[in-house]
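Listed below, chain by chain, are the residues.
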Amino acid sequence: MDDPHALPQQIQQALARGWTVLTANQRAARTLRHIFDLQQRDQAVANWQPPAILAWDSWLGSLWHRLLLEGHADELLLSPTQEHTIWRAIIAADAATASLRPVDSLADAAASAWLLLHDYRGRRRLTDYPGNADTRAFARWVGEFERRCARAPYLTQAQLPEVLRIAVTAGHLSFPPGFLLVGFDSRTPTQTALFDAVHATGAFIEELGPQATAAPIRSLVDAPDEDAELAACARWLRTRLTGQPHDRIAVIVPAIETSRAEIDRVFRNILAPELNDISAPASSSPWEFSLGVPLASTPMVATALDILRWVTGDLPLDRVCELLLSPHFAAAPPQSATEHLARAEFDAFTLRGRHLLEPKVSLDDLHRFASQSKQGSRLPILLNHLRALLPLFNRRDFSTIERAHADWAAAIHELLEAAGWAVPSHLDSIEFQTHRKWESTLDELATLDFDNSRVRFATALSALERITAETLFAPESRHAPVQIMGPLESAGSTFDALWFLRANDVAWPSTPAPNPLLPWQLQRDLAMPGTDPTRDTAHARRITERIASSAPTVLFSYAQESTEGRQRPSPVLAALALEPRRIDEIAPSFTAPTPIEIDAFTDD
């Protein structure tokens, strides 16, 4: 294999020929651009043009903007949030499904089915299958959705590849000499059709081949249980980085969302125990997750949403107590130790000791309790922000007035500023990035005015909550030596070593489920995911083989026992000819430090 710290030779040659490199995901595009920049710096190049490396979604967006600028298109390209709004309105107005709730979940399912229909070019065949009540309801929604989009006119992200294919066929788009595809484990029929249309214009289409490794080391490690498996991985990483600190290592985990907290805890205890110090910077760990967390779950945004919910009614006592102790509410300078201590005392000895008929607290109650408490004289910053919020909370606008989403976004900004939320001078790097992401969600909330609708504050807040719950936030990559990611995210990347966790017959390969709103036979005929176990297993085998060739040293591990019972190695590993290795051989336990005897003496 070529040096994993350099761009593969095939990519370098494609860029030198003026080709565009297309990646299957954003992570691969970022990684390749970063490697390219490092190469230019190492070669002492004074300045350079950004490489033509684009992710699939970014490439589609750039083509659409060209069509708009050149006058070949005039539709409004809907964002996922705008599309969700239309699906939600259609489903809520359908009398036949009025008893089905929640509407937001149905709208998400409808958008997913709509995307599958277009990815597999099955829209015209939707009504050819009898289906059931659910599929007939979806067919009704699709008809109304298309009528609304045609009147506006609107275009969805799912329809974009086909619209671009038609534009390419009509000669409205020109392309570089060729394209190199990186990390496309499989292509949907829509992707294939668009690439065929581009190829018909004279552009070459090639795929990055597997990276050959001289005498690769591929091993299968079994552990007695999942805790031992994860601990062994952490010990192996520590040993590897101690001897080769400049290595780039990947940890691949199926269903990473469910085990993220556990991985972070074990790695913190074994790989970098110094990070357990509360004063240690959060951004200094030698690992990072490539997949973000929902923005709504970050401490700063969770605090903002609680403040906004407070406007619509009293908050539960435990939420008010969390606000009091949050550094993002009525923010005091870090050096204000007196105020921080006074808030903790007020929370513990005054607020929690109140005899409340219902464990809820209004803003008026909190202001009165704080000003009358023993700690009141030591809470000047908190009381100032509570007084600033009182007139805003008592305005009728938030309960009865209907306004545009953009107006509510401005009102939210005013509320949070009065609450002393996320004061710029108090933010560290990650908090600053979180704040910037929050501002982008407010901008997205304002885009819901695309249909000139006016709503009450509670409705706008509900939309904002959903946007923040679906928006993933990840701090800018520090390019830590250990990258933790899912199998699909690793497409297009190479490493010095790799450990595939949870490679058991339960977790991998994952089993996709058919979409309940589409006729099963339609999905089967169009070869959609979840309809043919043989095809899904073959797809997982290709992904596994690609992962096994992405580093000179690759380890797959599984636990013999789990909470779900006895486990075996994943069946897709059978073709890799893995060498069985003992866990104590791969990751021996650390020798316990010899205790130091302390001399006791009598202090006279």
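Residues numbered from 1 in each chain as written. Predicted model: local features only at pLDDT ≥ 70, side-chain atom pairs only at ≥ 80, totals over all residues. Heavy atoms only, no water.

> How should the pairing of strand β5 (residues 178–182) be read in this particular structure?
Here is the key point about a regular strand: its side chains alternate between the two faces of the sheet. Taking burial as the measure, the 5 residues of β5 include 5 buried ones, the bulk of the element. Here β5 shows no split at all, with Gly178, Leu180 and Val182 on one side and Phe179 and Leu181 on the other all buried. Inspection of the sheet shows strand β1 (residues 20–23) paired to β5 by 4 bridges, in the parallel sense. Considered in β5, the bridge of Thr20 is made with Phe179. (Buried < 20%, exposed > 50% of the residue type's maximum accessible area, 1.4 Å probe, protein only. Helix = DSSP H or I, 4+ residues; strand = E, 2+ residues; numbered from the N terminus. Pairing = 2+ DSSP bridges.)

> Sorry, what's going on with helix α10 (residues 256–270) here?
Given 3.6 residues to a turn, an α-helix orients residues that are three or four positions apart in the same direction. For α10, which comprises 15 residues, the first-to-last C-alpha distance of 19 Å matches the rise-based estimate of 21 Å (1.5 Å per residue) to within 8%. At Glu262, α10 shows its maximal kink, close to 30°. Along α10, the positions that sit buried rather than exposed are Ile256, Ser259, Ile263, Val266, Phe267 and Ile270. Taken together, the buried residues of α10 touch α9 (226–243), β9 (287–289) and β14 (482–485). (Expected span 1.5 Å × (residues − 1). Bend = angle between axes of the 7 residues up to and from the residue. Contact = heavy atoms within 4.5 Å.)

> Would you take a moment to explain the packing of helix α17 (residues 405–418) against helix α18 (residues 429–446) for this structure?
For any two helices packed against each other, one specifies the inter-axial angle together with the distance between the axes. The N-to-C vectors of α17 and α18 enclose an angle of 150°; their axes lie 7 Å apart at closest approach. Taken as axis vectors, α17 and α18 run roughly antiparallel relative to one another. Residues His405, Ala406, Ala409, Ile412, His413 and Leu416 of α17 pack against Trp438, Glu439, Leu442, Leu445 and Ala446 of α18. Residues that form the contact of α17 with α18 fall into these classes: 8 nonpolar, 2 polar and 1 charged. (Axes fitted to C-alpha atoms, helices over the stretch in contact; angles between N-to-C directions. Parallel < 35°, antiparallel > 145°, perpendicular 65-115°, else oblique. Nonpolar A, V, L, I, M, F, W, Y, C, P; charged D, E, K, R; others polar.)

> For this particular structure, what's the right way to read the nonpolar core?
Nonpolar side chains tend toward joint burial in soluble globular proteins. Counting residues in each nonpolar core, the largest one holds 57 residues, and the members touching the most others are Leu308, Trp310, Phe329, Leu351, Leu366, Ile412 and Trp438. Per element, the largest residue contribution to this core is 8 residues, and it comes from helix α11 (residues 299–312). With near-sequence residues (within four places) excluded, Ile412 lies in contact with Leu308, Trp438, Leu442, Leu445, Phe457 and Leu464. Counting residues in each nonpolar core, the second largest holds 32 residues, with Leu230, Ala272, Leu501 and Ile583 among its members. (Core = buried A, V, L, I, M, F, W, Y, C linked by side-chain atoms within 4.5 Å.)

> What is the right way to read the side chain of Ser557 from this model?
Along the chain, the position of Ser557 falls in strand β16 (residues 553–562). Ser557 sits in the buried class, given a relative accessible area of 1%. If near-sequence neighbours (up to four positions away) are discounted, Ser557 is found in contact with Val221, Glu229, Trp499, Phe500, Leu501, Arg502 and Ala503.

Read these as layout, nothing more, since geometry by itself doesn't imply function.
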